[in-house]
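Coordinates in review
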Amino acid sequence: MAGVCEGNPNFISPAGEQVLAPPLSSVVFLNCTAWVVYGPNCPFPSVQWLKEGLPLGNGSHYSLQEDHWYRANLSEVLVSSVLGVNLTGAQDYGVFTCLVHNLSSPSFMLWRPGPPGHVAAVLAALLVVLALLLAALLYVKCRLSVLLWYQDAYGEVEVNDGKLYDAYVSYSDSPEDRKFVNFILKPQLERRRGYKLFLDDQDLLPRTEPSADLLVNLSRCRRLIVVLSDAFLGQAWCGHSFREGLCRLLELTRRPIFITFEGQRRDPVHPALRLLRQHRHLVTLLLWKPGSVTPSSDFWKELRLALPRKVRYRTVAGDPQTQLQDDKDPMLIVRGNVAESRTLDPELDPDPEGDLGVRGPVFGEPPVPPHASLAVPGDGSGSEVDVSDLGLRNYSVRTDFYCLVTEDDV
């Protein structure tokens, strides 16, 4: 009978080693539950708690609650002991086990968590800051280049609007302004970028109101560029009625472009300059610096962004009317590479005798040797011309020729 009473307990809780990290000033409850063999002559099983292998004292930091249940046949008893540990200091942490019939249960390891680690958070914050700084640096360095690429690829194409020039350039008749416009501005925009400029060194608004010539010239240009130098600011309307003149210009043109110069001798609080800075959302205000002469400077990029998008068309061989209008007129078909010889060889002309001459091969017709229908001189026969297809030709008025008009004609 004694062997039956000494059977090993079956621990239900804890089922295995447990590691807990409760915070300081908290109460943690440890549950030890086991089935123990029981009989009429067996002593009632008891549960003993150990800390670090030593029995617990009767300190105020611990609370104990015990309970038990019997099986129906009274062969086993379920004993349960719940230990409450009040964690008030570092000495309350450790390894706790419960002992039943001199057999210890799996342990409860209570360890004190250290201060919250901020290393990962600090590293993440540093990475975010570095990423933001890199993005800001790329934005400052590459913003204009990206905007230019987007404009060249997807910008609005201003064609077929009846305009003859891309920009109207207004400047004063002073040696410095003439040098700047003719030796810096015009070569860069016309020769390097393909823009077409209309230059005017007359007073832009002599009496605040635009003249008839100004209205006509501005209507032929897509943009207005004003070289706002010291000499230009010396004009009467810039000092007394610049606000009214600016309103007139905003009515006549789309977002005028004003070029100012760094280190201008005039007072920086000139009313015209102050007014332009206050209305940056209506105009494009550019600053010319000593380093702006470089073609890759920000000045030229900002100026190109303010000007219309330039579209470069790929040149095609042949008459543009034949290529674009699908013209089937045999008089416009030229065989051979005329660009190389720069002269029209009679053998290359499909109609050497004029419109009533023998036609060359047109759109898949079999080739006909030149002068095949002409009589050989001296054989006695007259010179006859094949006029059988005169009724099949289209003699309607042509409307697809280019009309070249000079400024004098206008």
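The next subject is the overall build of the protein chain. A count of helical and extended segments in the protein chain gives 11 helices and 15 strands. Evaluated residue by residue, the protein chain yields a buried proportion of 34% over its 410 residues. Nonlocal contacts in the protein chain, meaning residues at least 24 apart in sequence, comprise 71% of its contacts between residues at least 6 apart. With an accessible surface of roughly 26,200 Å², the protein chain has 57% of that area assigned to carbon and sulfur atoms.

Those residues of helix 7 (residues 242–252) not exposed but buried are Phe242, Gly245, Leu246 and Leu249. Seen along its axis, helix 7 keeps its buried residues to an arc of 100 degrees; they face one direction. Buried residues along helix 7 sit in contact with strand 13 (221–227), helix 6 (236–240), strand 14 (257–261) and helix 8 (271–278).

Right, let's talk about the pattern of salt bridges for a bit. Scanning the model with the defined rule gives nine salt bridges in all. A salt bridge links Asp166 to Arg222; the nearest nitrogen and oxygen atoms lie 2.9 Å apart. Taken together, the residues Asp166 in strand 11 (residues 165–170) and Arg222 in strand 13 connect sequence positions 56 residues apart. Between Lys310 and Asp166 there is a salt bridge, with the nearest N and O atoms lying 3.3 Å from each other. Linking Lys310 in the loop between helix 9 (298–306) and helix 10 (320–325) with Asp166 in strand 11, this pair joins segments that are 144 residues apart in sequence. Taking relative accessible area as the criterion, Lys310 reaches 30% and is therefore assigned partly exposed.

Before going further, it helps to spend a moment on the sheet that holds strand 12 (residues 197–200). Two orientations exist for strands paired in a sheet by backbone hydrogen bonds: parallel and antiparallel. Here we have five strands laid out as an open sheet, ordered 12-11-13-14-15, and parallel in their pairing. Because the sheet does not close on itself, it has two edges, and the strands there are strand 12 and strand 15 (284–288). Strand-to-strand twist in this sheet, taken as the mean axis angle between neighbours without regard to direction, amounts to 20 degrees. Two elements, strand 13 and strand 14, share three bridges in a ladder whose sense is parallel. Counterpart to Val226 in the pairing with strand 14 is Phe258. Strand contacts of helix 4 (residues 212–219): strand 11, strand 12 and strand 13, with the helix running at about 120 degrees to strand 13, the strand carrying the most contacts.

How two aromatic rings sit relative to each other is given by the distance of their centres and the angle of their planes. Taken as a whole, this structure holds 15 aromatic pairs when the rule is applied. Look at Tyr165 and Phe198: their rings are 5.3 Å apart centre to centre, the planes differ by 65 degrees, and that puts the pair in the edge-to-face class. In this pair, Tyr165 is assigned in strand 11 and Phe198 in strand 12, connecting sequence segments 33 residues apart. Residue class for Tyr165 comes out buried when judged on its relative accessible area of 8%. Among the aromatic residues, those joined into a ring-pair cluster are Phe180, Phe261, Trp288, Phe299 and Trp300. Its guanidinium or amino end placed over the ring of Trp35, Arg71 lies 4.1 Å from that ring's centre, counting from NZ or CZ. Over the aromatic face of Tyr165 sits the side chain of Lys196, whose NZ or CZ is 5.1 Å from the ring centroid.

Attention now moves to the pairing of strand 14. Counting buried residues in strand 14 gives five out of five residues, a clear majority hidden from the surface. With burial as the criterion, each face of strand 14 is covered, one bearing Ile257, Ile259 and Phe261 and the other bearing Phe258 and Thr260. For strand 14 and strand 15, the ladder comprises five bridges, and the chain directions are parallel. By the bridge assignment, Ile257 is partnered in strand 15 with Thr284.

Attention shifts here to unusual backbone geometry. Along the chain, Ser13 connects to Pro14 via a cis peptide bond; the corresponding omega equals 0 degrees. The phi angle at Asn102 is positive, at roughly 60 degrees, despite the residue not being glycine. Following the sequence through the fold, Asn102 ends up in the loop between strand 8 (94–100) and strand 9 (103–104). Take Asn102: its relative accessible area is 72%, and that puts it in the exposed class. Located in the positive-phi region is Arg255, a residue other than glycine, with phi close to 45 degrees. Relative to the elements of secondary structure, Arg255 occurs in the loop between helix 7 and strand 14.

We now examine the confidence of the model for the protein chain. The predicted model of the protein chain has a mean per-residue pLDDT of 78, with 72% of residues at 70 or higher. In the model, residues 332–365 has pLDDT below 50 throughout and makes 48 contacts with residues more than four positions away in sequence or in other chains. In the predicted structure, residues 370–383 sits below a pLDDT of 50 and forms 11 contacts with residues beyond four places in sequence or in another chain.

Analysis parameters
Residues numbered from 1 in each chain as written. Predicted model: local features only at pLDDT ≥ 70, side-chain atom pairs only at ≥ 80, totals over all residues. Heavy atoms only, no water. Helix = DSSP H or I, 4+ residues; strand = E, 2+ residues; numbered from the N terminus. Buried < 20%, exposed > 50% of the residue type's maximum accessible area, 1.4 Å probe, protein only. Contact = heavy atoms within 4.5 Å. Areas by Shrake-Rupley, 256 points an atom, 1.4 Å probe, with all protein chains shown as cover. Arc of directions from axis to C-beta. Salt bridge = Lys/Arg side-chain N within 4 Å of Asp/Glu carboxyl O. Pairing = 2+ DSSP bridges. Axes fitted to C-alpha atoms, helices over the stretch in contact; angles between N-to-C directions. Phe/Tyr/Trp six-rings, centres within 6.5 Å; stacked < 30°, edge-to-face > 60°. Lys NZ or Arg CZ within 6 Å of the ring centre and 35° of its normal. pLDDT = per-residue confidence, 0-100.

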